[in-house]
Amino acid sequence: MPMKKTHLALVAAFALAAPFTTAVRAQTAKPVVIGTDVDAGTLDPRLTRDTTAYRTTDLIYAGLVHLTPTLEPKPDLAESWTTPDPKTWIFKLRAGLKFSDGSPLTADDVVFTYTTLLNPSMNAPQRALYTPITSIEAVDAQTVKFTLSAPYAPLLTYLDLGVTPKKLVESGQDIGLKPVGSGPMKLVSWTRGSEIALEANPNYWAGAPKVQRLTLKIIGDNTSRAQAFEAGDLDAIQSPLSPQDIARLAKDQRFGAVVTAGLGVTYLNFNARDPLLAEPKMRKALGMLVDQKTIVDDIYRGVDQVANSVLLPSSWAYSASIKQPDFDVKGAAALFAEMGWKKNKDGILEKDGKKLALTLSTHSEDPNRVQTLEFMQAIFREAGVEAKAQITDWPSFSTNYVQKSQHQIALLGWLNIVDPDRLLFAQLTTGGSTNWGGYSNPAVDAALQEGRSALDQAGRAAAYRKAATILAEELPYYIISDQGYQLFYSRKLPLTVQATPRGNLRGLIGFND
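Attention in this report is confined to the structure presented alongside it. Keep in mind it's a predicted model, so treat the numbers as computed, not measured.

Criteria and thresholds
- Residues numbered from 1 in each chain as written.
- Predicted model: local features only at pLDDT ≥ 70, side-chain atom pairs only at ≥ 80, totals over all residues.
- Heavy atoms only, no water.
- Helix = DSSP H or I, 4+ residues; strand = E, 2+ residues; numbered from the N terminus.
- Rg over C-alpha atoms; globule rule 2.2 N^0.38 Å.
- Buried < 20%, exposed > 50% of the residue type's maximum accessible area, 1.4 Å probe, protein only.
- Contact = heavy atoms within 4.5 Å.
- Areas by Shrake-Rupley, 256 points an atom, 1.4 Å probe, with all protein chains shown as cover.
- Lys, Arg positive; Asp, Glu negative; His and termini not counted.
- Charge placed at Lys NZ, Arg CZ, Asp CG, Glu CD.
- 1 Å grid on protein atoms, 1.4 Å probe; cavity = no way out; pocket = protein on both sides within 12 Å on 5 of 7 lines; lining within 4 Å.
- Points joined across faces, edges and corners; volume = space filled by probe spheres on them.
- Nonpolar A, V, L, I, M, F, W, Y, C, P; charged D, E, K, R; others polar.

1. With respect to the overall build of the chain
Consideration 1: If you tally the helices and strands in the chain, you get 15 helices and 20 strands.
Consideration 2: By the compact-globule yardstick of 24 Å for 513 residues, the chain fits well, its C-alpha radius of gyration being 23 Å.
Consideration 3: Taken along its principal axes, the extent of the C-alpha atoms in the chain is 75 × 55 × 45 Å.
Consideration 4: Per-residue burial over the chain gives 57% buried out of 513 residues.
Consideration 5: Sequence separation of 24 or more characterises 69% of the internal contacts of the chain that already satisfy a separation of 6 or more.
Consideration 6: For the chain, the exposed area adds up to about 20,100 Å²; of that, 52% sits on carbon and sulfur atoms.
Consideration 7: Here the chain holds 53 positive side-chain charges and 52 negative ones, and the gap between their average locations is 2 Å.

As structure tokens, this is what we get:
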């Protein structure tokens, strides 16, 4: 639907249906056990950085809206909203909302959540998604008014952020460790590196979920997690999974399966601050050494798809005409020669007495990424690039390395790309909060700003295509593949499972959109 029509529809007060089936549910005391690959870094929804944290906080907390599996915003804590003009959004909260500890949830808690998230001192990873908000006001206990600096098309999609309890946080409680939310579940215990145990929250506005207890078991190795699922120790597992495990699990009649396109990409993050990688021509030459087809076909066994650009094929902004450089070893050699790099007697490229040497890095928990990195390392060396592979655990790789911009070329992924803005703005605008590679191009900045402020979808698509065209040439990111999404679950689960490509878990506790 064109955005203009969407806006016009929003001008009138929404009287929207509840997002979930809210009838009284037959409840089951048997815990549901779900395998996951990494531990949560925090359970404060304003500070989440990893998928386990996103998915767990989505159960513990509730936002103003909830995103359906088709990414449609539906009412959650807010029962309705109006947009009297493109820069003003007014949300009406449901009556009688409570946090899981029984304390009331009011407009002050919503104001507190977004005000603190926007405070630069909090260093919230997703802060850039909300910076068009210039003020948040509690009109009354049930009414919140957002004022924007400019029309901001993706806003509603981002308002599923969990609302946090103002009084509790201001009293000194660290909700990153002891969360109290208003979502369908609440925390029972958290054993770091092992498991997170949750139970139903009877104070959730839509009623307690059918599943009374849920445990997230942290099993880092993909195959070990799949084996634990097959042995009956887990009730469900989802991406990331190894291709050989996916093929085997899909044939097992004991399990339900959802295999579909995901909302994520696997990519190379070039550190543009590194003198060796500062020139787009060097990044382009190295990108031409990435054999995407072999990586996708042989390592990922077709689970993912070869990517063309930073735009997902499922997005309304996608254009097949925008393409990154293809695998082209001769073309890369020509670019190296143009930059003055020549092979020495050992076959390594040199310039001014220095070898062309760099470090490729990824994390150890994902064997496909490790294999991809080692495959790339071999091709790089054949082309005369002395490539070192650095493989460490996720915290060492992510928090203590890439996020500190210490990398040269890092192999990692982005998930939850519910809008092109989510992959691009914070990551690739100058000074963006997750622009770990330090990329900067004023033309890209302007296009990405236009993409989030245009009121019609055609205008947004044009802006993102302009940015993607530049990015495909300058390559601060090289997108290797568009990720698939897989969910496997025991058919013994006493509920109707609903999957979402975001990987969120409400569809595994009895809430269906």
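2. Examining empty space enclosed by the protein
Consideration 1: The final tally for this structure, using the stated rule, is 5 cavities of 30 Å³ or more.
Consideration 2: Estimated volume of the largest cavity: approximately 230 Å³.
Consideration 3: Lining the largest cavity we find 17 residues, and of these Tyr54, Thr57, Asp160, Leu161 and Arg502 sit closest to its centre.
Consideration 4: Of the residues in the lining of the largest cavity, the class split is 6 nonpolar, 7 polar and 4 charged.
Consideration 5: Each pocket or cavity is described by its volume, and for the second largest cavity that value is around 120 Å³.
Consideration 6: Residue lining of the second largest cavity: 16 residues in total, with His66, Leu67, Thr500, Arg506 and Asp513 positioned closest to the centre.
Consideration 7: Tallied by class, residues from the lining of the second largest cavity come to 5 nonpolar, 6 polar and 5 charged.

3. Some details on the side chain of glutamine 292
Consideration 1: With respect to the helices and strands, the residue glutamine 292 is situated in helix H9 (residues 292–299).
Consideration 2: Accessibility expressed as a relative area gives 6% for glutamine 292, which makes it buried.
Consideration 3: What glutamine 292 contacts, discounting residues up to four positions off in sequence, is Val306, Ala307, Gln324, Tyr478, Ile479 and Ile480.

4. Details of the environment of leucine 276
Consideration 1: By the secondary structure assignment, leucine 276 is in the loop between strand S12 (255–270) and helix H8 (280–287).
Consideration 2: Its relative accessible area of 21% is what places leucine 276 among the partly exposed residues.
Consideration 3: For leucine 276 and serine 149, which are 127 residues apart along the polypeptide, the C-alpha to C-alpha distance reads 38 Å.

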